[in-house]
Each structure stands twice: as structure tokens, then as C-alpha cells.
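# Structure assessment
Letter by letter, the chains look like this.
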Amino acid sequence: MNVLEHMMHLYDEALEELMGAEKYTKCMEKSESAEDKSMYRGLAKQELEHESMLEKAVDRMFPANTTDPMHTVWHHLKKHLHGWRSKIEMRMNET
């Protein structure tokens, strides 16, 4: 697997983790009991932790101060992950 394929594979996995966090956040918002809300919040946090680990794995693929064009691509993909993650975290903190 080349660098691009590996980076995109990890990005796809990170997206799946964010989708899971989104799902659990929706369940948390719909829950009536504090116990269920807490459970779903915890599950969503676990998914966000998994996403963070995958993101760090891609970060390790590129040395600091690299000029590799794939790093530029990763930088933009990472912005997308961070934007979605921020929205999920805001929703989790509102409920």
C-alpha cells in the first residue's frame, strides 16, 4: 500500500469513527433518562478517541516541516475531520 492509499484508508476509518460518534450523539439527544444520556455520551467520546488515534497515525506518516504534497492533502482532509468533530463535541456539551 502506498502513502496515498494508506492515508486515505486511515482517513476513511476516521470518518467511520465520526459517524459512530454522530450516531451516539443523536441517541444521547433523544434519550429521556440521565443514565442513558451519560451512556451515549461515553460511547460518543470513545468514538472520538478512536478518530483521534487514527488522525495521529496519519500525522506520524509525515516528518515535521515536510514539503511532501501528500502532507498538504492530509492537512486539508484533517480540517474536514476537525470541523465535524467540533460540531459533535458542541452538541455533546449542550445536552
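This section reports on the structure supplied with the text.

Cut-offs and rules
- Residues numbered from 1 in each chain as written.
- Predicted model: local features only at pLDDT ≥ 70, side-chain atom pairs only at ≥ 80, totals over all residues.
- Heavy atoms only, no water.
- Salt bridge = Lys/Arg side-chain N within 4 Å of Asp/Glu carboxyl O.
- Helix = DSSP H or I, 4+ residues; strand = E, 2+ residues; numbered from the N terminus.
- Buried < 20%, exposed > 50% of the residue type's maximum accessible area, 1.4 Å probe, protein only.
- Core = buried A, V, L, I, M, F, W, Y, C linked by side-chain atoms within 4.5 Å.
- Contact = heavy atoms within 4.5 Å.

What follows is about the pattern of salt bridges. Under the defined criterion, the tally for this structure stands at six salt bridges. The partner of Glu55 in a salt bridge is Lys78, with the nearest N and O atoms 4.0 Å apart. In this pair, Glu55 sits in helix α2 (residues 34-59) while Lys78 sits in helix α3 (residues 69-94), placing the two residues 23 residues apart along the sequence. The closest approach of N and O atoms between Lys78 and Asp59, which form a salt bridge, is 3.0 Å. Here Lys78, found in helix α3, pairs with Asp59, found in helix α2; they are 19 residues apart in sequence, far enough to count as distant. Asp59 sits in the partly exposed class, given a relative accessible area of 28%. Within the structure, one salt-bridge network assembled from shared partners comprises Glu22, Glu29 and Arg91.

Here we take up the nonpolar core. Trp74 and Leu81 are the most contacted members of the largest nonpolar core, which totals 20 residues. Elements that contribute at least two residues to this core include exactly α1 (3-30), α2 and α3. A total of nine residues in this core trace back to one element, the largest contributor, which is α1. Apart from residues no more than four positions distant in its own chain, Leu81 is found in contact with Tyr11, Ala14, Leu15, Leu18, Glu51, Glu55 and Trp74.

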